[in-house]
Amino acid sequence: MEETSKESGRGSSRRTGIIVVAVVIALVAGGFGAWFAFFRPAGVQRADVESLDKQRGIVDRSMNLYDPLLEEFTARYTNVVAEEEGDQQKEQVFNQESDLIKRESDVNTGRLDAMAQSPVTQEAEIAEAFRRFKEHYGAVIAYNDQRLINTANITRSMGGPCAPLHKDLNVGGENYAQEYVETADSCLLALASAKDKADADTVQLLEGIEGVVRGQRDKQQEVLDTTDDLARLAKRTTAGVAMLDINDALDKVRTTYEDAVKASSTKLVDDANASNAELERVLKSRLDQFGAAGQEGK
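Read on for an overview of the structure. (Residues numbered from 1 in each chain as written. Predicted model: local features only at pLDDT ≥ 70, side-chain atom pairs only at ≥ 80, totals over all residues. Heavy atoms only, no water.)

Side note on the state of the cysteines
Condition: The rule for a disulfide is simple: a pair of cysteine sulfur atoms within 2.5 Å. The helix and strand labels rest on DSSP assignments: H or I over at least four residues marks a helix, E over at least two residues marks a strand, and numbering proceeds from the N terminus.
Inspection of every chain in the model, using the stated rule, returns 1 disulfide. One disulfide in the model links Cys 162 with Cys 187; its S-S distance is 2.0 Å. Measuring the twist about the S-S bond at about 90°, one finds the Cys 162-Cys 187 disulfide to be right-handed. Pair noted here: Cys 162 is in the loop between α5 (124-158) and α6 (164-167) and Cys 187 is in helix α7 (residues 176-194), with a separation of 25 residues, a long-range link.

Quick look at the structure:
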């Protein structure tokens, strides 16, 4: 009984110790918080401006990571789709590579949100410059997230169901028209699905490809629908001649898409660079004020 009492006492003592430690930690944390609130110099400090400028540079440099990440994603995902790996393997590669880009976007969004909490961003001139910086860099982040979706959708369709149209079918085969129609139907379904969550430029690309594929598909269907041998030969010849123009038609669609993407990305980058230069300028001006006054604070 006495031993039990001692053990109970020791257990109680340990619990009391844990409680005391927790209370001490809370008091110490509270003390630091109180010190920061009551003894921190009033107003914006030089360190605040320097910190915000440092974060500005980090966000700007981080934008350079997107292109290599997207290039790596495109290469690996295109490869796994082209090799006709199983859906599980494709999904695994997609998740691994896309997660890197998504994490980068989350980190950069977090950085912009953290910058917004700086007391420096409450000052009028800096507030406006930072608003534009956050808006334009946020747009770049969103654009690169969208590029990931566009690339995945194009790769799944063009590198998947549509691929046999230009690499597997035997043009001289007896069943070419039938095989083309069946493959084109699968391709058209894939292209329709690829529009999901794609941006306007990518939807226009996919619709352009749809038009080319559908036109060729309909010509091959005419071959199948013709029962007279001589008429069928004529239809087959017409369809074959039309096939000679398919590369030019697809190149025109691709060029239109690339020009639109280049124009969009160039504007985004130019806007971001301009807002970065402006924020850097006003922050430097603010630091110069500290130097002129020989002060660390406002």
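Topic: the nonpolar core
Note the cut-off: In this description, a nonpolar core means a group of buried Ala, Val, Leu, Ile, Met, Phe, Trp, Tyr and Cys residues linked to one another through side-chain atoms lying within 4.5 Å. Each residue's exposure class comes from its accessible area (1.4 Å probe, protein chains only) as a fraction of the maximum for that residue type: buried when under 20%, exposed when over 50%, partly exposed otherwise. The contact rule is simple, with two residues in contact once any of their heavy atoms fall within 4.5 Å.
Core analysis: the biggest nonpolar cluster contains 32 residues, and Tyr 77, Met 115, Phe 133 and Leu 279 have the highest contact counts within it. Of all the elements, α5 adds the most residues to this core, at 9 residues. Apart from the residues lying within four places of it in its own chain, the contact partners of Tyr 77 are Lys 90, Val 93, Phe 94, Ala 152, Thr 155 and Arg 156. Listed in part, the 19 residues of the second largest apolar core include Leu 169, Tyr 176, Leu 206 and Val 253.

Some words on the pattern of salt bridges
What counts here: Salt bridges are defined as contacts in which a side-chain nitrogen from Lys or Arg sits within 4 Å of a carboxyl oxygen from Asp or Glu.
Applying the stated criterion to the full structure yields 20 salt bridges. A salt bridge links Arg 131 to Glu 135; the nearest nitrogen and oxygen atoms lie 3.0 Å apart. With Arg 131 and Glu 135 both in helix α5 and 4 residues apart, the pair spans about one turn of that helix. Accessibility expressed as a relative area gives 42% for Arg 131, which makes it partly exposed. The shortest N-O distance in the salt bridge between Asp 288 and Lys 284 comes to 3.4 Å. In this pair, Asp 288 and Lys 284 are both assigned in helix α10 (residues 246-293), 4 residues apart and thus about one turn of the helix distant. You can call Asp 288 partly exposed: its relative accessible area is 43%. Residue class for Lys 284 comes out exposed when judged on its relative accessible area of 53%.

Some points on the packing of helix α2 (residues 46-62) against α5
Rule in force here: Under this scheme, a helix contributes an axis fitted over its contacting stretch, all axes are lines through C-alpha atoms, and angles between N-to-C directions fall in the 0 to 180 degree range. Each angle receives one of four descriptions, namely roughly parallel if under 35 degrees, roughly antiparallel if over 145, roughly perpendicular if within 65 to 115, and oblique otherwise. In this scheme the handedness of a crossing depends on how the near helix is turned from the far one: anticlockwise by less than a right angle means left-handed, clockwise means right-handed. Under the scheme applied, nonpolar residues are Ala, Val, Leu, Ile, Met, Phe, Trp, Tyr, Cys and Pro; charged residues are Asp, Glu, Lys and Arg; polar residues are all the others, including Gly.
Running from N to C, α2 and α5 point in directions that differ by 20°, and their axes come no closer than 12 Å. Classed by the angle they form, the pair α2 and α5 counts as roughly parallel. The handedness of the crossing between α2 and α5 is left-handed. For the pair α2 and α5, the contacting residues are Leu 52, Arg 56, Val 59 and Asp 60 in the first and Ile 126, Phe 133 and Tyr 137 in the second. Tallied by class, the residues present in the contact of α2 with α5 amount to 5 nonpolar, no polar and 2 charged.

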